[in-house]
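Per-entry structural report
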Amino acid sequence: MEGIALILIGTAIFSHSWHLLGLYADARTVGVIMASLALALLVSMFTFQPQFLGSVSSGAIVRAGETTVLSALIITWAVYAAAVAANCLWDMEDRAIGFYSVLLAVASLVMLFFFLQIWALDNDAVAVLLLAIASALLAIVSGLLFFTLAFQFPVMRLVSGWALLIQSIVVVGFGMTMITTTITA
C-alpha cells in the first residue's frame, strides 16, 4: 500500500506540474488524469495491504498508527487530486487549491514527524526513512503550491512547476523502490 500510494501521489504531482508549466494544450486532459488518480488513490487504500507498515514498530498502538497516518495522507492527497480535476474540468479558480495546500502541508508534516519518531527508535527501518523523506518532499510541494496558487505569484509558477516535477519523480522512485522490494524492512 505504501509504494502504490507514493507512486499515485507522485504521478498526481507530476501531472499538475505539467499543467503549472503550461505544457498541456487543454486543461481537461489534466482534469481527466487527476480524477482517475484520485479514484485510484481511494481504491488502493482498500485494495492493497500494507507492505511494511504495521510491522515496523514494537508497540501495538504505534503499529495501528502507522497505517492510520498513511491512510489519512492518502485521503488528503486524493482530495487534492479531485480538486485539481474539478478545477481543470470546469475551469474554476485555483486559489482554493492553494489554500487547501495548507492542509496538505500539515498532513505531510504530521507524517514526517511520526515516521521520524519511529525511525529514531528503530534505525534499521529503511522503509520508514523513505516514508519520512517522501513526506518531507510532499510538505515542500504543498508549501510551493500554497504560495503559487493562493497568492498568485506569477514568478513562482515556473519555479513551482519545475520543483514539483523533480520532486514528483523522487517520490515515485521511492514508491517503486518499495514495490519492487529493493528494500526489505
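Residues numbered from 1 in each chain as written. Predicted model: local features only at pLDDT ≥ 70, side-chain atom pairs only at ≥ 80, totals over all residues. Heavy atoms only, no water.

On to the side chain of H16, then. Tracing the backbone through its elements, the reader meets H16 in helix α1 (residues 2-21). For H16, a relative accessible area of 2% gives the class buried. Residue contacts for H16: discarding those within four places in its chain leaves M34, Y80, V84, L145 and L149. (Helix = DSSP H or I, 4+ residues; strand = E, 2+ residues; numbered from the N terminus. Buried < 20%, exposed > 50% of the residue type's maximum accessible area, 1.4 Å probe, protein only. Contact = heavy atoms within 4.5 Å.)

To continue, consider the pattern of salt bridges. Per the stated rule, a full pass over the model turns up three salt bridges. A salt bridge links R28 to D26; its shortest N-O distance comes to 3.0 Å. The closest approach of N and O atoms between D94 and R157, which form a salt bridge, is 3.9 Å. Placement of D94 in the loop between α3 (60-90) and α4 (95-121) and of R157 in helix α6 (residues 154-179) is noted, with a sequence separation of 63 residues between them. (Salt bridge = Lys/Arg side-chain N within 4 Å of Asp/Glu carboxyl O.)

Summarising the element assignment, E2 is placed in helix α1. C-alpha of E2 to C-alpha of I74: the two residues are 72 residues apart in sequence and 9.5 Å apart in space.

Let's shift gears to helix α5 (residues 126-150). End to end, α5 covers 35 Å across 25 residues, agreeing with the expected 36 Å (1.5 Å per residue, within 8%). Burial analysis of α5 places 18 of its 25 residues in the buried class, which makes it a mostly covered element. Note on α5: the residue one or two positions beyond its end, Q152, has a positive phi of about 55°. (Expected span 1.5 Å × (residues − 1).)

To continue, consider unusual backbone geometry. Phi at D91 is positive, roughly 50°, even though this residue is not glycine. Structurally, D91 can be placed in the loop between α3 and α4. Taking relative accessible area as the criterion, D91 reaches 70% and is therefore assigned exposed. Phi is positive for Q152, which is not a glycine, with a value near 55°.

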